[in-house]
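Report on the structure
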Amino acid sequence: MTGRAWPFLVARGRRRGYSALLVPGFLREHGFLEATAIPLDDAPSRAAATPYGVLVWAEHAVTTAEARGEPRDEYGRPLVLLHGFLCPDGDPVAAPAALARTRTIALATYDRFLADEEGFRAERSEPFTIEVAPVARPRISPPEEPARPARGLVWAGAGAIVVAGAVAAVVGFASAGGDDAPPPPCPRDVVALTVTPSASVATCLRDRTTVQWVPPFQRP
Amino acid sequence: MGVVLVVLVLLLVVMLLVRRRRKRTVPVLAGPPGGIPAFRIVTLGLQGSGKTLLLTGIYRRLQTPGDRGFYLRVPHEQLIELNRWYRKAADVHEEWPRGTTRGELREFEFSVMADVGGATEPVVKLGYLEYPGELLTDPDAPGSTAQATLLQAIAGADALVGIIDGFRLLQADQGDQRGALMLEASLDAMINAMLPVRSPIVFVITKWDLLDHLHPDENERLRIVRDRLMATPGFADLVKVHSARRIVRLIPATAVGHDFAVFSGGTVRKKPDGRFRPGNVEAALSVVVPDILRQTELALDRATRAELLAAAQRRMRMSPAEALRTLGAHFTARAARVLAAALGAGLVAESGLALLLDTLGPQDDPVERAGRLARLGEADRLAEHYVQARRRVVGELQRQVAVLEAKLPVSRLGGDRWGDW
């Protein structure tokens, strides 16, 4: 499928510092361009996902002919263009060809910039068509709010369950004649008091071993 | 019924025990006792003024211990970047590094590594903000937060380093009006940022090698530049204001050396047979940490100073861990409030105060120290080692500043109060 590629250019002049000189025409805010398009050093090009689409850019060292003179700034540093395009319609398929096109567009803009650095105002680019692969954008839904443990309710619930268990135990004692051994006392390193009335009344950790006490009327 | 009551009582007891257990759980602090003091340094310099090469030079100079007893370490990805800049700058066949873009704004994290009881550990951390200088002078792009980030960093910095571009000084000296105007613009940016702050400041003249022709004697050369700067009304006022509470220094530095670059044909070029020998690049860093401590000292009123001193002396007689507990529980909180009132909120962190205390008090008697170490437990011994390591680092930095002052007395722009500890 075809999509639109909006050229952009971030560069420094002989005197002026880095700024966006060519901006995709549909953008109202372009601060992300300068924040995203950083020098590449050894890589030929790079792509990054932005809120406005896929940003693809390359670096180009300005030559003497392109600069119509010294291709360095007044500090002796090379003049480097960060040019490329913003593609809001999908992943660009033939990025190198598109980058060759944006370099030509960027150099034309840069030529106008060098002619009057102080008076130059960022230009707005027009899109050209490009082959893109549709991007499957996963629907983002807010994560479910984790259940907040209500300490008071937990204690109340645990207490109610234990009391219920205790009552059941009393009933059990009474019905069984009270000749069973009492439940093992939980030591101080109890880490959890969990009760599942259908199976056991009390569980505690004793010497790293889970000890359960089941009332006689529930024993198999 | 009685059994039910017993069960309920048991339940209550279990609940109480669990609660007591929770209360007894004390978090174990990791790392050195008292934490690692961390300071943030922000340079103020326009584009092309040499901030990046100064940063590279500082690291290259201090990446090995040499005879100073400490060295700098950076995270690996930052090391790669610093080394790349260095290679670009030092190779006469390469272009100069291309300059920092707005997207490259970030903080370099220097860990000052020193011997701590036989192991090399970080004892002080220094953050150094790297950013494009145009953020100081040009409007930010719509939707960008880079400028706001920079201004926030300046406001929260523990020390500010004003970068005065030697290239602009050279242009101004040669009668280049634009050069003179750009020099003024850089000084204006410094005045604007530094005048309202109370944190320590230092001025660094970069590209000092471009000014070699001014005078064969370096101190006299510095005097010529100093006189020119002080003739700028705003700059003189800035120095005057800050000199009332601190020592203000002017440090000449060259990130490439005196036989590497030349200004010709309107631009700075590398000499084909140039020798790369940076000079004085680390001085700014050496000034910063002791200055933070000294300015802290100067800003305190006499009573607070006396209290600080007494606390430091008391500290010498107690175990470091105990002293740090005292510091945490009472002293830091109180003194930090005093400091906040005296210096401005956010200027000197608790870590700075802890470091100040480390450097105060009478010097240890080695015999007494050995005896005390023998009595200490392992944790206390470690704390003592950290204290001693920090003292050595600060002492070495102070020594370097003293050497600079001896070599270049003109480097002190103002501020002669030294406190009376």
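Before reading further, recall that the structure is shown in the block above.
My aim in this report is to walk through the structure given alongside it, one point at a time. These figures come from a predicted structure and were not determined experimentally.

The subject of this paragraph is the pairing of strand β4 (residues 53–61) of chain A. Across a regular strand the side chains alternate sides, sitting on one face of the sheet and then on the other. Residue and element names in this part refer to chain A. Counting buried positions along β4 gives 7 out of 9 residues, so the element sits mostly inside the fold. Pairing geometry for strand β3 (residues 45–50) and β4, over 6 bridges, is antiparallel. Looking across to β4, one finds that R46 is bridged to W57. Where β4 lies against strand β5 (residues 80–87), 8 bridges are found, and the strand directions are antiparallel. Residue pairing in the sheet places E59 in a bridge with L82 of β5.

Below, the discussion takes up unusual backbone geometry. Of note in the backbone geometry, R68 of chain A takes a positive phi value of approximately 55° without being a glycine. By secondary structure assignment, the location of R68 of chain A is in the loop between α2 (64–67) and β5. Phi is positive for N280 of chain B, close to 65°, though the residue is something other than glycine. Its place among the elements puts N280 of chain B in the loop between β9 (267–275) and α9 (283–299). Taking relative accessible area as the criterion, N280 of chain B reaches 18% and is therefore assigned buried.

Moving on to the pairing of strand β2 (residues 19–24) of chain A. All names here are of chain A. Burial of β2 is extensive: 6 of the 6 residues sit out of reach of the surface. Here strand β1 (residues 2–11) runs beside β2; their pairing, made up of 3 bridges, is antiparallel. If you follow V10 over to β2, its bridge partner there is A20. Here β2 runs beside strand β7 (residues 123–125); their pairing, made up of 3 bridges, is parallel. Looking at β7, one finds that L22 is bridged to E123.

Here the focus is helix α7 (residues 218–230) of chain B. Residue and element names in this part refer to chain B. Across its 13 residues, α7 extends 18 Å between first and last C-alpha, which sits within 8% of the 18 Å expected from 1.5 Å per residue. Residues E218, N219, R221, L222, V225, R226 and L229 constitute the buried set of α7. The buried residues of α7 all sit within an arc of 155° when viewed along its axis, so they share a single face. Sitting at the amino-terminal end of α7 is D217, which places a side-chain oxygen 3.2 Å from the backbone nitrogen of N219.

Attention now goes to the nonpolar core. Counting residues in each nonpolar core, the largest one holds 93 residues, and the members touching the most others are F110, V123, L126, L160, I164, F203 and I205 of chain B. Ignoring any residue separated from it by four or fewer positions in sequence, one finds F203 of chain B in contact with G162, I164, M190, M194, F235, L238, V239, V248, R249, L250, I251 and L413 of chain B. Of all hydrophobic cores here, the second largest spans 16 residues; its members include V10, Y18, L33 and L40 of chain A.

So, about the sheet that holds strand β1 (residues 38–44) of chain B. As a general point, the strands of a sheet are linked pairwise by backbone hydrogen bonds and lie either parallel or antiparallel. All names here are of chain B. Strand order across the open sheet formed by 8 strands is β2-β3-β4-β1-β5-β6-β7-β10, with mixed pairing between neighbours. The open sheet terminates on both sides in strands that have one partner only, identified here as β2 (70–73) and β10 (412–414). Between one strand and the next, the sheet's axes are offset by a mean angle of 25°, whatever the strand orientation. One ladder, built from 4 bridges, connects β1 with strand β5 (residues 159–165); its direction is parallel. In the strand pairing of β5, T43 is matched with V161. Against the sheet, helix α4 (residues 146–155) touches β1, β4 (119–130) and β5, its axis set at about 120° to β1. Lying on the sheet, α7 is in contact with β5, β6 (201–206), β7 (248–252) and β10; it crosses β7 at an angle near 125°.

Among the secondary structure elements, R98 of chain B is positioned in the loop between α3 (76–90) and β3 (106–116). When its relative accessible area of 12% is taken as the criterion, R98 of chain B is described as buried. When residues no more than four places from it in sequence are discounted, the contact partners of R98 of chain B are R12, Y18, P39, D41, E59, R77, P78 and V80 of chain A together with E104 of chain B.

Further remarks concern empty space enclosed by the protein. Residues and elements named next belong to chain B. Within the structure shown, the criterion is met by 11 cavities of 30 Å³ or more. Approximately 460 Å³ is the volume found for the largest cavity. Considering the residues around the largest cavity, the lining is formed by 31 residues, among which G48, S49, G50, L53 and K207 are closest to the centre. Sorting elements by how many residues they give to the lining of the largest cavity places helix α2 (residues 51–62) first, with 4 residues. Each residue belonging to the lining of the largest cavity can be placed in one class, and the counts come to 15 nonpolar, 10 polar and 6 charged.

Before going further, it helps to spend a moment on the pattern of salt bridges. Considering all chains together, one arrives at 26 salt bridges over all chains under this definition. Notably, a salt bridge pairs R112 of chain A with E123 of chain A, separated by 2.7 Å at the nearest N-O pair. Here R112 of chain A, found in helix α3 (residues 95–115), pairs with E123 of chain A, found in strand β7; they are 11 residues apart in sequence, far enough to count as distant. With a relative accessible area of 43%, R112 of chain A lands in the partly exposed category. Note that K207 of chain B and D165 of chain B form a salt bridge whose closest N and O atoms lie 3.2 Å from each other. Separated by 42 residues along the polypeptide, K207 of chain B in the loop between β6 and α7 and D165 of chain B in strand β5 bring together distant segments of the chain. Classification of K207 of chain B as buried rests on a relative accessible area of 19%. Among the ionic contacts, a cluster of salt bridges with common partners joins E70 and R72 of chain A together with E95 and R269 of chain B.

Parameters at a glance
- Residues numbered from 1 in each chain as written.
- Chains lettered and ligands numbered in written order.
- Predicted model: local features only at pLDDT ≥ 70, side-chain atom pairs only at ≥ 80, totals over all residues.
- Heavy atoms only, no water.
- Buried < 20%, exposed > 50% of the residue type's maximum accessible area, 1.4 Å probe, protein only.
- Helix = DSSP H or I, 4+ residues; strand = E, 2+ residues; numbered from the N terminus.
- Pairing = 2+ DSSP bridges.
- Expected span 1.5 Å × (residues − 1).
- Arc of directions from axis to C-beta.
- Polar contact = N/O pair within 3.5 Å; in protein donor to acceptor, adjacent residues only side chain to side chain.
- Core = buried A, V, L, I, M, F, W, Y, C linked by side-chain atoms within 4.5 Å.
- Contact = heavy atoms within 4.5 Å.
- Axes fitted to C-alpha atoms, helices over the stretch in contact; angles between N-to-C directions.
- 1 Å grid on protein atoms, 1.4 Å probe; cavity = no way out; pocket = protein on both sides within 12 Å on 5 of 7 lines; lining within 4 Å.
- Points joined across faces, edges and corners; volume = space filled by probe spheres on them.
- Nonpolar A, V, L, I, M, F, W, Y, C, P; charged D, E, K, R; others polar.
- Salt bridge = Lys/Arg side-chain N within 4 Å of Asp/Glu carboxyl O.

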